[in-house]
Every structure is written in C-alpha cells, then in structure tokens.
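Chain and residue survey
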Amino acid sequence: MKRGRRTGESAATGVSESERLLFGGPLAYDIGWDQHEGAWLELGLWRMARDLPAMVGTALGLARRADAPALRTVLGAELGRGIVQAAGLVAVNAVLGHLMASGPTTARLTGSAPALLLVAVAGVLGSLLRSASTAATGALEPKVQRLATEQFLALGHRVELTAIEDDEFHRLLDAARYGADSARRMIRYCTNVLNSAVSLIAAAGVLTVLHPVLLPLLVLMTLPSAWGALVISRQRYVSFHSFLQHARAGHLLGQLLTEQQAAAEVRVHDVGPFLLTHFRGMAETSEREQTRLARRAARTGLIADAAGGLAALATYGSLGLLLWAGRMDLAVAGTAVLAIRTGASSLDSLVLQVTELYQESLFVADFTRLCAEAEARTIPAGGADLPERVREVRFEKVTFTYPGGPGETPEPALREVSLAFPTGKIVALVGENGSGKSTLVKLLAGLYLPDEGGGTVRWDDVDARTADRSQIFGRVALMSQNFYNWPFTARVNVGIGRPGEPIRDEAVEAAAAFSGADEVLAGLPRGLRTLLGRGYRGGHQISGGQWQRLGIARAHYRDAAILIVDEPTSALDPLAEQRVFDRIRERATAGQTVVLITHRLHAVRHADLIHVLKDGRLAESGTFEELMDERTGTGDFRDSYLVQADAFSTSLPSPRHPDARQRS
C-alpha cells in the first residue's frame, strides 16, 4: 500500500485494511442465497425484453398449480384494466373534441356528456378490476409460497445424507430455500409487470389510432426515461452491496464484543479496544464508499433527467409543429399528451418491476434446479424386505469415499472392511480419531451406501443397496456424538425418538430413568413441559451432560433392535458414565444389539466383540481377552488400553511398543 493513502482504506475496491487484516479481504458469505450477488448488473434492456416471457411463464406456472381460479381472476382483471384504460383515453379524446369544437358552450358541454360518462364508468371499472386483481394476488401469494416450501421440504428431508453433506448441494439448498420465498414475491412483481405492460400497450394502441406519428413520439419520450430508471436502480444495487460488505463485517465485530462465548477472553485479553478500532476503520471506509456512490448516482440522475428533458422537448415540439401545420387537431394533441405521459410512467414502472422480477427469478430457477437434483438423489422408496429376525449385519469388503470438491480425488474413509455385527450382543468399535468408526456406523444405519463396486452391507442375505431403506432406519436407534438438541420441550426431546406415534409420558419417564435424565427433569421449572431453547420466552438452558442424558433417553425411547451409541458419555461425570454403561449392558442382556463407539477403553471390557479400526481398515477383531493376549492380534488395542490404564495404575505391565503412548 502506498504511504499516501489514508489509513483504513485499501485500493479502489473499497475494502478496508481492517477487513484485509481480520478476514483476508471482503467478508462474503459462502452460502447459496448469496451466489447471485452481482448477477443483476448483467441485465440490460434487450436482455430484459428477451427474458421477460420465461420469467413470467415461471411465475404463472407456480400460480396455476397453487390456485388456478385466482390466477384466472388476476389475468382477466389486468387484461380488463388495459381495455378500460384504452377506452378511457378514447373517451377523453371525444370529450376534448366536443369541448374544443365551435358552437355555444352549453351545446359543447351537452355533446361531451356521454363521453364524460364513459370516462367516469371507465374509472369505476378500472378501480373495481384493480381491487379484484389485488385480492386475487393476495390469495395467490401465500399459496404459492406454501406450495414451493412444501415441495422443497418434502424433497429435502428425503435426500441421501451424502447429498446434505455435499457443500455444493447444500449451497443449492440455501438458494432454493430463499427461492421458495422468491416464488411468492414473483407473483406480486409479475402482476405489476402485467399491469405496466398492458397499460403501455393500451397507450401505444390509442396513439396509433389517433395519429401514425404519435407512436414514434412515445418511443422517443419513454426510452430515455427507461434507461435512466434502469441505470439508477443499478447504482442503488451496487451501493447496497458495497455497503452490505462493510456492514456485514462490522456487525460481526459487534457480535463478538458482546457474545457470551467470547466474553471471558474479550475481558481478560482486553480485546475490546482492538475490535472497536477495526470497527471504526470499516465504518469510515463504508461511509466514504457510500458517499462516492451517492455522488455517482446523482450524476447519473442528472444525465437521465437531461436526456428525458430533451426527449420531452422534442416530443412536445413535434406535437406543436403538427398543430401549427394543421396536421393534428387540438383534442388529439391533448389526448396524445395524456397517453404519452401514461405510457412513459408505465414503462418506468415496467423497468423497475422487471428488475425485481429478474432478481427473484434467479432464486426460483435455483429452486427448480434443486427439485430436479433432489429427485435424482432421493433415498429410493421401497425395496427388498429385511428378515423379521436378523441374525447379523455383515460388512463384506466395504469401501466408502466421501464426495470431494471440484478437481479433488478424495481418499476412501473405509477400505475393504469386512466384519460382522451379531444381533443381541454388545459390539464395540474402537480406534483413533479419523479411523472410520463413525463412517462405519452410518453405513450400518443405512445413512450411507458403499461405493459403487465397493463391497456390500448385508442384513443376513439382504443387500442394503437393494433393501427397503425405511426398514433399515426402523431397526436402528442412533445416539451420535453430536446428536441434535431440538428446541422443543423436554417431553418432545425424548419422545421424538418415535415421531410417528403419540408421545406417552409414562414411556418418556421410563426412558429418562434409564439414562439418568429423571434427575434432569426433576430440576426443570415445568418438568416435561419445559422448553429447552435458549433465547425463547420460557426457554431453559441445560448443560452438555444433561443434554447427553436426554439424548440417551431418546435413543432408549425409540426401542429399536440395534442401538448405536457414539461416545455416549463424553460429557458425563464418572458416576453417571458408569451408570450408563451398566444400563447399556442390561439392554444387551435383554436381547438388544448395542454398537458402542468410545475412546474410553475400560468401557469395552464387557463387550462380546471388539472391532479395532485403523486408517480406515479393520486392524483386528475379537473379545477383550483375545485382543489383550500377546500371542494373538496386532497389539493395537492392547497397547492403547495399557496406555490408558497406566494413567490410573502403575502395577500394570508397560506397553509392548515404546511409542504406544503417542499413538493412542
């Protein structure tokens, strides 16, 4: 940066030095609804005219599906308004013709009375038709939004988990979510576009009938005005997004200064003055940017007004010359002035409404694309039935790879893993972080399928790829490490384990007693009816350990054949942790299959079978005694177990490998 440049301001981009330091540049969202930022700037008059039919067609298609009678009312009312407006202009011409004719004033007024009555009737009819269009549009808008939102949600919750975890698909989801709202706004803008277009056509038609030269005068009068409206709107758009960039960053700093999680470090490290200094730098840059754009918009407005003034001068000069030469009656000239002003106003409105319609149509197009993409990635309905009583779930050389970004060649998370989960047993999965444990249980739960040609997961003899996935989901209760904390009551947070059935308080209380969450419920101000959501009126906040007990209660309430628990006690104290493991063993004794993932290896001593994963492969399998035997296995489990045990006791033998402590 040159020394002469003012502090806080970067290059001509308007990015402040604070933004460069803190964020590495302008703070831009990487989410779907922001992906069309700047697309409006590509819109010109020709492209606007070319794309208008497709945009209107999209809006009409949504409206027809939502409420066809209301759509017919809108179209009929807007077409009627155009006809009435044209008739009104013709009637005005007749009124002016009678008033400017020769003869007594009384006779002229009497002669103009029928035309005046027609003008009044046209005004009343136009008002009634506008009211009918407004009412029908108001009925259409919420229905279109509901239809689009329902379609989006119905597809979104049925797609494969790999789609939800795909960044590109998730950006499309974001844009489509915004597109459902855009679909509603498109109806209003489309109605306004139709109104402006019909009014413009009506004015043009009347002018053509009155005198052939009047239509070119309308074009001369309206084109500068339309150009000015488009350019000024574009300048406002640029100004808004330039301001938004800085406002977004400043808002983030304001949040950080008062955020609960950052509060301790803000105070101890005295971060406040540092953030305030950069907030001021960004605000000053924003002020300079807005001032610059405001001046530029003012210049554009002057140019547009000057062009419009010259066009008006040429138009009215032409009318004067026609009157001077006797080529046009005074009544026709008066009507022409009204029609030209009406046409110019309609074209201005048309330009503004089309720009808004164009913006919304981009997101509606994303919505349409999302629907097609989601249909292609939806979990298939139906399939082969699972056996009523499954003996085991078996993995046969299973390989699974997470999708990579453009140009990436990701490494498999699992490589040719072959193992079994016998039902009615406790099966433990252990291994270092990133060894593939969580990925493996998602394959077990049917959330993922193996790579194409990457082995099979079989429920007895039924391949998960061809099985009815809903039946797989129905056999599994999942208590993941990062289970979701629903912003609902405590009752629903447990009962949502079986969302298709009425929630029974007795079963909820029994599940809570199983996990130790009964103590949590007893301490809540409204018991099961307490809202567990911070920031809501009446909402109550509970600790991570208390949430974990509720999550275990939810999994127990589901009462599925297979219970998958991924690090179920990471937030619990030792006594509560031991209680949970005791209850898990009770469930296995009662015939439920328990798949346990944990780094606390003392918890797997009583497992019937232990699978050890390493670098996405199966390192060894066996009982606790077999894996601890130096004569069998690879020693991966034994070394890790002894390292952990050595932290509590010095009487156990040392690990066989000197570097076992580091590898654990």
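Just so it is clear, the model here is predicted, and its values are computed rather than measured. (Residues numbered from 1 in each chain as written. Predicted model: local features only at pLDDT ≥ 70, side-chain atom pairs only at ≥ 80, totals over all residues. Heavy atoms only, no water.)

1. Examining the overall build of the protein
In plain terms, the rule: The numbering of helices and of strands both runs from the N terminus, where a helix is a DSSP run of H or I of at least 4 residues and a strand a run of E of at least 2. Any two residues whose heavy atoms approach within 4.5 Å at even a single point are treated as in contact. Only the protein chains shown count as covering a residue, and every accessible area follows the Shrake-Rupley method with a 1.4 Å probe.
Across its full length, the protein carries 19 helices and ten strands. Counting contacts in the protein only where the partners sit at least 6 residues apart, residues at least 24 apart contribute 73% of the total. When the accessible area of the protein is evaluated, it comes to approximately 33,600 Å², of which 57% is carbon and sulfur surface.

2. Details of the sheet that holds strand 8 (residues 593-597)
Stated precisely, the cut-off is as follows: Paired strands, as defined in this entry, are two strands with at least two bridges between them according to DSSP. The axes used here are C-alpha line fits, helices contributing only the stretch in contact, and every angle between their N-to-C directions lies in the interval 0 to 180 degrees.
Ordered by their spatial adjacency, six strands build an open sheet running 6-7-8-3-9-10, and the pairing between neighbours is mixed. Every interior strand has two partners, whereas the edge strands, strand 6 (476-479) and strand 10 (617-622), have only one. Across the sheet, the axes of successive neighbouring strands diverge by a mean angle of 15°, strand direction being ignored. Pairing geometry for strand 9 (residues 609-614) and strand 10, over five bridges, is antiparallel. If you follow His-611 over to strand 10, its bridge partner there is Ser-621. Sitting on the sheet, helix 18 (residues 636-646) is in contact with strand 3 (426-431), strand 9 and strand 10, with an inclination near 95° to strand 9.

3. Focus on a nonpolar patch on the surface
Applicable threshold: Each patch is built from residues lacking any salt bridge and having more than 30% relative accessible area; the joining distance is 9 Å for like charges and 5 Å for nonpolar side chains (Val, Leu, Ile, Met, Phe, Trp, Tyr). In what follows, salt bridge is the name for a side-chain nitrogen of Lys or Arg lying within 4 Å of a carboxyl oxygen of Asp or Glu. With a 1.4 Å probe rolled over the protein chains alone, any residue whose accessible area is under 20% of its type maximum counts as buried; one over 50% counts as exposed, and the rest are partly exposed.
A contiguous nonpolar patch, built from Leu-117, Val-121, Val-124, Leu-125 and Leu-128 and spanning about 450 Å² of accessible area, is present on the exposed surface. Residue placement: Leu-117 occurs in helix 3 (residues 105-156). A residue is classified by how much of its surface remains accessible, and Leu-117, at 55% relative accessible area, is exposed.

4. Examining the sheet that holds strand 2 (residues 414-422)
Strand order in the open sheet made by the four strands is 2-1-4-5, with antiparallel pairing throughout. What marks the edges here is a single partner per strand, and that holds for strand 2 and strand 5 (462-463). Inspection of the sheet shows strand 4 (residues 456-459) paired to strand 5 by two bridges, in the antiparallel sense. From the neighbouring strand, Arg-458 faces strand 5, where its bridge partner is Asp-463.

5. Thoughts on the packing of aromatic side chains
The following threshold applies: What counts as a ring pair is set by centres within 6.5 Å for rings of Phe, Tyr and Trp (its six-membered ring), and what kind of pair is set by the plane angle: stacked under 30 degrees, edge-to-face over 60, tilted for all other angles. To sit over a ring, a charge needs its Lys NZ or Arg CZ within 6 Å of the ring centre and within 35 degrees of the ring normal.
Enumeration over the complete set of coordinates arrives at nine aromatic pairs. Ring centres 5.5 Å apart and planes at 85° place the aromatic pair Tyr-402 and Tyr-448 in the edge-to-face group. Residue Tyr-402 is located in the loop between strand 1 (392-400) and strand 2, and its partner Tyr-448 is located in the loop between helix 10 (437-444) and strand 4; the two are separated by 46 residues in the primary sequence. Arranged with centres 5.1 Å apart and planes meeting at 75°, the rings of Phe-624 and Tyr-641 form a pair that is edge-to-face. You can see Phe-624 sitting in helix 17 (residues 624-628) and its partner Tyr-641 sitting in helix 18, a full 17 residues away along the chain. An identical accessibility class is assigned to Phe-624 and Tyr-641; each is buried. One aromatic cluster in this structure is built from Phe-400, Tyr-402 and Tyr-448. Here the guanidinium or amino end of Arg-498 rests over the ring plane of Tyr-557, the centre of that ring lying 4.3 Å away.

6. As for the nonpolar core
Rule in force here: Remark: nonpolar core denotes a set of buried residues (Ala, Val, Leu, Ile, Met, Phe, Trp, Tyr, Cys) joined through side-chain atoms within 4.5 Å.
Counting residues in hydrophobic clusters, the biggest one holds 62 residues, and the most contacted among them are Leu-214, Leu-357 and Leu-370. Every element with two or more residues in this core is listed here: helix 2 (45-99), helix 3, helix 5 (167-210), helix 6 (214-258), helix 8 (272-324) and helix 9 (330-376).

7. What about unusual backbone geometry?
Phi at Glu-416 is positive, roughly 45°, even though this residue is not glycine. Mapped onto the elements of the fold, Glu-416 is located in strand 2. With phi around 55°, Asp-559 is a residue other than glycine that occupies positive phi space. Topologically, Asp-559 is positioned in the loop between helix 15 (544-558) and strand 7 (562-566).

8. Comments concerning the side chain of Asp-468
What counts, and what does not: In this count, Lys and Arg are taken as positive residues and Asp and Glu as negative ones, while His and the chain termini are left out.
Within the element layout of this structure, Asp-468 appears in the loop between strand 5 and helix 11 (469-474). Of the side chains bearing the opposite charge, Arg-469 lies closest to the buried Asp-468, which forms no salt bridge; the N-O distance is 8.1 Å. Among all residues touching Asp-468, those that are not within four sequence positions of it are Gly-382, Gly-383 and Ala-384.

9. Observations regarding the packing of helix 5 against helix 9
Selection criterion: Note on angle classes: values under 35 degrees are labelled roughly parallel, values over 145 roughly antiparallel, values of 65 to 115 roughly perpendicular, and the remainder oblique. The hand of a helix crossing depends on one turn: near helix anticlockwise from the far one by less than a right angle means left-handed, and clockwise means right-handed.
Running from N to C, helix 5 and helix 9 point in directions that differ by 160°, and their axes come no closer than 4 Å. It follows from the interaxial angle that helix 5 and helix 9 lie roughly antiparallel. Where helix 5 crosses over helix 9, the handedness of that crossing is left-handed.

10. Section: the packing of helix 13 (residues 505-515) against helix 15
Keep this limit in mind: Asp, Glu, Lys and Arg are counted as charged, while Ala, Val, Leu, Ile, Met, Phe, Trp, Tyr, Cys and Pro are counted as nonpolar; the rest, among them Gly, fall into the polar class.
Closest axis-to-axis distance for the helix 13/helix 15 pair is 8 Å, and the angle between their directions is 125°. Between helix 13 and helix 15, the crossing angle belongs to the class labelled oblique. In terms of crossing hand, the pair formed by helix 13 and helix 15 is right-handed. Only Arg-549, Ile-552, Ala-553, His-556 and Tyr-557 of helix 15 make contact with helix 13, whose side of the interface consists of Ala-507, Val-508, Ala-511, Ala-512, Phe-514 and Ser-515. Looking at the contact of helix 13 with helix 15, its residues break down into eight nonpolar, two polar and one charged.

11. A look at the UniProt feature "transmembrane region" (unreviewed entry) in the protein
Counted only if it meets this: UniProt positions are given in the numbering used here, feature names are shortened, and annotations may be inferred rather than shown by experiment.
In the numbering used here, UniProt assigns the feature "transmembrane region" (unreviewed entry) to residues 82-101, 107-129 and 186-207. As a span, residues 186-207 carries 100% helix and 0% strand, and end to end its C-alpha atoms are 31 Å apart.

12. Considerations on the confidence of the model for the protein
This is how it is decided: On a range of 0 to 100, pLDDT expresses the predictor's confidence in each residue.
This prediction gives the protein a mean pLDDT of 80; 86% of its residues lie at or above 70. Low pLDDT (under 50) marks residues 1-13, which in the prediction has 20 contacts with non-local residues, meaning those over four places away or in another chain. With pLDDT under 50 throughout, residues 658-664 is counted as low confidence; its partners more than four residues away or in other chains account for twelve contacts.

13. Observations regarding helix 13
Defined as follows: An arc is given here, and it is the one of the directions from the helix axis to the C-beta atoms.
Along helix 13, the residues classified as buried are Ala-507, Val-508, Ala-511, Ala-512, Phe-514 and Ser-515. Axial view of helix 13: buried residues confined to an arc of 155°, hence all on one face. Just downstream of helix 13, Gly-516 is the residue with a positive phi angle, here 90°.

14. Comments concerning the side chain of Ser-196
Among the structural elements, Ser-196 can be located in helix 5. Taking relative accessible area as the criterion, Ser-196 reaches 3% and is therefore assigned buried. When near neighbours in sequence (up to four residues on either side) are disregarded, Ser-196 contacts Ser-346, Ser-349 and Leu-350.

15. Here we look at helix 15
Threshold: In this scheme, a helix's expected span is set at 1.5 Å multiplied by one less than its residue total.
An ideal rise of 1.5 Å per residue puts 21 Å on 15 residues; helix 15 measures up with 21 Å between its terminal C-alpha atoms. Of all 15 residues making up helix 15, eleven are buried, and the element is well covered by its neighbours. Within helix 15 the residues assigned to the buried category are Gly-545, Trp-547, Gln-548, Arg-549, Leu-550, Gly-551, Ile-552, Ala-553, Arg-554, Ala-555 and Tyr-557. Asp-559 occupies a position one or two residues after helix 15 and carries a positive phi of about 55°.

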